[in-house]
Amino acid sequence: MSKISQAEVKKIAAISHIALESSDVEMLTAELATIIDYAERVADAPVDLKYEHSAKNINLFREDVASNKPTDAIMQQAPHAEGNYFVVPIILENS
Amino acid sequence: MINLSFATIKELRAALDNGTLSVQEVIRFYHERAKKHDQEIQSLIELFDVDDIAHHSSSDKSILSGIPGFIKNNICVQGRRTTCGSRMLENYYAPYDATVVERLKKSGALLMGTANMDEFAMGSSTETSAYGKTKNPWDLSRVPGGSSGGSAAAVAAGFAPWALGSETGGSVRQPAAFCGIVGLKPTYGLISRFGLIAYGSSVDQVGIFARTAYDTAAVLSVIAGSDIKDSSSRAVEQKDYTNQLEEKSLEGLTIGIVDAALSAEGMDPEIAQAVADAAAQFEQMGVTIKKITLPMLDYSAAAYFITSRAEAASNLARFDGVRYGYRAEAASLNEMYDQTRHKGFGSEVAKRIMVGNHVLSAGNAGQFYDNAHRVIQEIRHEFLEIFKGVNCLIMPTHATPAFTFGAYSVNKLQMDLQDYFTCPVNLAGIPAVSLPCGMTKHNLPIGFQLIGPDLSEDLLLQLAHAYERRTVWHTKHPQIF
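Residues numbered from 1 in each chain as written. Chains lettered and ligands numbered in written order. Predicted model: local features only at pLDDT ≥ 70, side-chain atom pairs only at ≥ 80, totals over all residues. Heavy atoms only, no water.

(A) Spotlight on the nonpolar core. Residues and elements named next belong to chain B. Judged by nonpolar contacts, the single largest core of 172 residues is most densely connected at Phe-120, Trp-162, Leu-164 and Leu-450. In terms of residue count, helix 10 (residues 297-315) provides more of this core than any other element does, 11 residues in total. Core analysis: the next-biggest nonpolar cluster, separate from the first, contains six residues, Val-143, Phe-178, Phe-403 and Met-415 among them. (Core = buried A, V, L, I, M, F, W, Y, C linked by side-chain atoms within 4.5 Å. Buried < 20%, exposed > 50% of the residue type's maximum accessible area, 1.4 Å probe, protein only. Helix = DSSP H or I, 4+ residues; strand = E, 2+ residues; numbered from the N terminus.)

Structural data, given as structure tokens:
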């Protein structure tokens, strides 16, 4: 039995903000099911976490200091900008 | 006169220092070679102009000054297109240098261009790049491995003696093995990730491709060490890794061999034999070989799939068409997001983001994400316990030699399982180096990896260097041009 349904795939795509072609849903569901089925084996691993955990790294901290840098190089990357603002499609309808 | 095409960093350094070769000659030779032959190999996203290469080279004297190399295209080079192999970042020009690039520029290294890769480093063949399929210089009908396949192929084809790649689950070691060169995945935190575009942040590391252990140590000496801009970088000072390599007795060292790995399902018998031969070679050098078991090996790939996709889902949420990168025009904001990500990402990236959001979603996170993290802790614990009894481990890097294009286009799980032998190392955060150790009867390279505890790069490179002194595999080059 597949571990994921087409309806779930559509829901995850919506959460992921990725539009789906309806013709892709069936194949995508099968592909995701294969990997999810494989991934399930983590639940069967004989894990015994009674020992002291050894962290693989420790955070390196720096002073939290604000700095001002020229924004030109950043704003030039914007698909659509006006001055120092990013322009996006309208969010609120005009009343 | 040295054969410049396949010259090592050490050979180029000597020729530059004794005046038999000039930096201008170096630039001209490799630029011409790459320009001429990369049309066939397609290892590069961009080959910089000769004038730019010279202009950005610092006059500082270091082991890498005047030595050319390539940068995987997910590592920011200021003012250069940094595409991550994706249409999403087709017109993205990095506004700053990654710390590794800053250090390379300061060292006087010659940055020749940027290398092709699987889109957002997601793949094991470089087939998912939006900028063409890189070919394996040993056999043009085969993949170079991935995701850092462009970097590996560029070095193997003789376009430069070193290149940077990045690893999340094996993306340096596997292509190094496929292309017959050395590939280092350092300890998590040894090399700064600042400016490396994120995939799975808890495992991502910049890695090094080169022809020899010495050359790998030379690049590591320039780029490793603590960086205040990367909060996960270790408090380790920069140092010279090349001066630790020379012959020390290997007597008294013990290497563990993961016995089950050589008889694993799907393991190519030629690779199993070559890795067993490598272990035997170390035994002849006075090393004790001890068989060990790694019970978590069989769960590593699953834990890696879960954690890497979960982190990718979060990391790649930033690509929304607002501030940079591709944008699909649409009437509403949500439609703009959905279409931007649908058209900007390739299918493999979209799939991994979706798996990531699935394993993180309410009702699934306990079963997948939480269990994966328990497995990851157990894997690290298992390795650290093993290293109480052995100095390092030997494992195959790959189960099959370089495969043909499209070989896994139907069975994608088998493609993902290319990470089987490499990803436990990433999950544990420990270092490993892949070295050439043989050729198949079809003349394809075979690699094995030496895996050590945290910050054991010195030991791994010393062993690799000793192995190279007694074998010829690292001197083999593809005979294509």
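Picking up where we left off.
(B) Region of the structure containing the sheet that holds strand 7 (residues 254-258) of chain B. All names here are of chain B. Judged by pairing direction, the sheet is mixed, and its 11 strands sit side by side in the order 1-3-2-4-6-5-10-11-9-7-8 without closing on themselves. Only two strands of the sheet have a single neighbouring strand rather than two, namely strand 1 (44-47) and strand 8 (288-292). Here the strands of the sheet are splayed against their neighbours by 30° on average, with no regard to which way each runs. In the sheet, strand 1 pairs with strand 3 (residues 110-115) via three bridges, with the strands oriented antiparallel. (Pairing = 2+ DSSP bridges. Axes fitted to C-alpha atoms, helices over the stretch in contact; angles between N-to-C directions.)

(C) Geometry of the interface of chain A and chain B. Across the contact, 51 residues belong to chain A and 69 residues belong to chain B. Across the interface of chain A and chain B, roughly 5100 Å² is buried in total on both sides, 65% from carbon and sulfur atoms. At the boundary of chain A and chain B, one finds three salt bridges. At the boundary of chain A with chain B, the tally comes to 17 residue pairs in polar contact (both at pLDDT 80 or more). Listing elements by their share of the side of chain A that touches chain B, those giving two or more residues are helix 1 (6-15), helix 2 (25-39) and helix 3 (72-75) of chain A. (Contact = heavy atoms within 4.5 Å. Buried area = accessible area lost by both parts, 1.4 Å probe. Salt bridge = Lys/Arg side-chain N within 4 Å of Asp/Glu carboxyl O. Polar contact = N/O pair within 3.5 Å; in protein donor to acceptor, adjacent residues only side chain to side chain.)

(D) Molecular detail of the pattern of salt bridges. This structure, assessed with the given rule, holds 23 salt bridges over all chains. Here B:Asp139 makes a salt bridge to B:Arg142, at a shortest N to O gap of 2.9 Å. Each of A:Glu31, B:Arg309, B:Glu348, B:Lys351, B:Arg352, B:Lys412 and B:Asp416 takes part in one network of salt bridges that share partners.

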